[in-house]
Amino acid sequence: DAGVIQSPRHEVTEMGQEVTLRCKLISGHNSLFWYRQTMMRGLELLIYFNNNVPIDDSGMPEDRFSAKMPNASFSTLKIQPSEPRDSAVYFCASSYLGRDGYTFGSGTRLTVV
Amino acid sequence: SQQGEEDPQALSIQEGENATMNCSYKTSINNLQWYRQNSGRGLVHLILIRSNEREKHSGRLRVTLDTSKKSSSLLITASRAADTASYFCATALNQAGTALIFGKGTTLSVSS
């Protein structure tokens, strides 16, 4: 298994543009988590899904952020419109019923200028 | 909001020495996990300890959990330069159905 795969690895965009981050889960995992990491705030949970259903999106900063899980193996995180304060590294992670820990992707480093 | 807080924030040691990192948390948990993050990379799961366990070992790693004090420690024995990374504790309120909440991490530097 190739692990959790995120794309793109780096994204530089101008303020106001739409940004879409992608994540492919490990086969067989049924939980999907999106985190954001910054120096100031550390790792923040944005949203998570169990069996493709969003369970808790209270960490999503504002309505500019949305996440979907159209099937059991894929998820997107969209920011529209993007702002400079959205600059961070965005990680997705997956697990099976919370057992044995999470498997993280390599992250997407987003820079909004 | 952070559930876990690691201590110290930064730790510098020589190769061969032991490194101890501590984590305190606020609410009752189902399990506590430790992760490692190398610079510019994703987090890697190291070890999971359940609330009914007090100690767990994995290779050079030893984790303890004291639920009465709401604290955990991670000991890395005989450290190597390759252990240089940030280490995070994360707590799970339930095994399944809730997400991990991470602390801000301890940055470990091991010099040769």
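Description of the structure in this document. (Residues numbered from 1 in each chain as written. Chains lettered and ligands numbered in written order. Predicted model: local features only at pLDDT ≥ 70, side-chain atom pairs only at ≥ 80, totals over all residues. Heavy atoms only, no water.)

### A few points about the sheet that holds strand E3 (residues 19-24) of chain A
All names here are of chain A.
Next up, step 1: Within the open sheet, the four strands sit side by side as E1-E3-E8-E7. Their pairing is antiparallel. If you trace the sheet from one side to the other, it starts and ends with strand E1 (5-7) and strand E7 (65-71), each paired once. Each strand axis lies, on average, 15 degrees off the axis of its neighbour in the sheet, ignoring direction.
Next up, step 2: Of the strand pairs in this sheet, E3 and strand E8 (residues 74-79) are connected by six bridges, and their pairing is antiparallel. From the neighbouring strand, Lys24 faces E8, where its bridge partner is Phe74. (Pairing = 2+ DSSP bridges. Helix = DSSP H or I, 4+ residues; strand = E, 2+ residues; numbered from the N terminus. Axes fitted to C-alpha atoms, helices over the stretch in contact; angles between N-to-C directions.)

### Details of the state of the cysteines
Residues and elements named next belong to chain A.
Next up, step 1: Evaluated as defined, the whole model comprises two disulfides over all chains.
Next up, step 2: Paired through a disulfide, Cys23 and Cys92 show a sulfur-sulfur distance of 1.9 Å. The disulfide joining Cys23 to Cys92 has a torsion of about 80 degrees about its S-S bond and is therefore right-handed. Of this pair, Cys23 sits in strand E3 while Cys92 is found in strand E9 (residues 88-96), placing the two residues 69 residues apart along the sequence.
Next up, step 3: The class of Cys23 is buried, set by a relative accessible area of 1%. (Disulfide = S-S within 2.5 Å. Buried < 20%, exposed > 50% of the residue type's maximum accessible area, 1.4 Å probe, protein only.)

### Examining the pattern of salt bridges
All names here are of chain A.
Next up, step 1: Going through the model one piece at a time under the given rule, you end up with 11 salt bridges over all chains.
Next up, step 2: Here Glu44 and Arg36 are joined by a salt bridge, their closest N and O atoms 3.3 Å apart. In this pair, the class of Glu44 matches that of Arg36, namely buried.
Next up, step 3: Here Arg64 ties to Glu83 by a salt bridge, and the two come within 3.5 Å at their closest N and O atoms. Of this pair, Arg64 sits in the loop between strand E6 (53-56) and E7 while Glu83 is found in the loop between E8 and E9, placing the two residues 19 residues apart along the sequence.
Next up, step 4: Note on Arg64: relative accessible area 10%, which makes it buried. (Salt bridge = Lys/Arg side-chain N within 4 Å of Asp/Glu carboxyl O.)

### What about the pairing of E3(A)?
Consecutive side chains of a regular strand alternate in pointing toward one face of the sheet and then the other.
Next up, step 1: Relative to E3(A), E1(A) is paired through three bridges, and the arrangement is antiparallel. Opposite A:Ile5, over in E3(A), you have A:Lys24 as the bridge partner.

### Focus: the interface of chain A and chain B
Next up, step 1: At the junction of the two partners, chain A supplies 22 residues and chain B supplies 19 residues.
Next up, step 2: Between chain A and chain B lies a buried interface of about 1,600 Å² when both sides are counted; carbon and sulfur atoms form 51% of it.
Next up, step 3: Sorting the residues of chain A by area buried against chain B places A:Leu43, A:Tyr102 and A:Phe104 first, and these three jointly supply 31% of that buried surface.
Next up, step 4: Where chain A touches chain B, the interface holds five residue pairs in polar contact (both at pLDDT 80 or more).
Next up, step 5: Counting residues per element, the ones that place at least two in the side of chain A that touches chain B are strand E4 (31-38), strand E5 (42-50) and strand E10 (99-104) of chain A.
Next up, step 6: Here the residues of the side of chain A that touches chain B sort into 11 nonpolar, seven polar and four charged. (Contact = heavy atoms within 4.5 Å. Buried area = accessible area lost by both parts, 1.4 Å probe. Polar contact = N/O pair within 3.5 Å; in protein donor to acceptor, adjacent residues only side chain to side chain. Nonpolar A, V, L, I, M, F, W, Y, C, P; charged D, E, K, R; others polar.)

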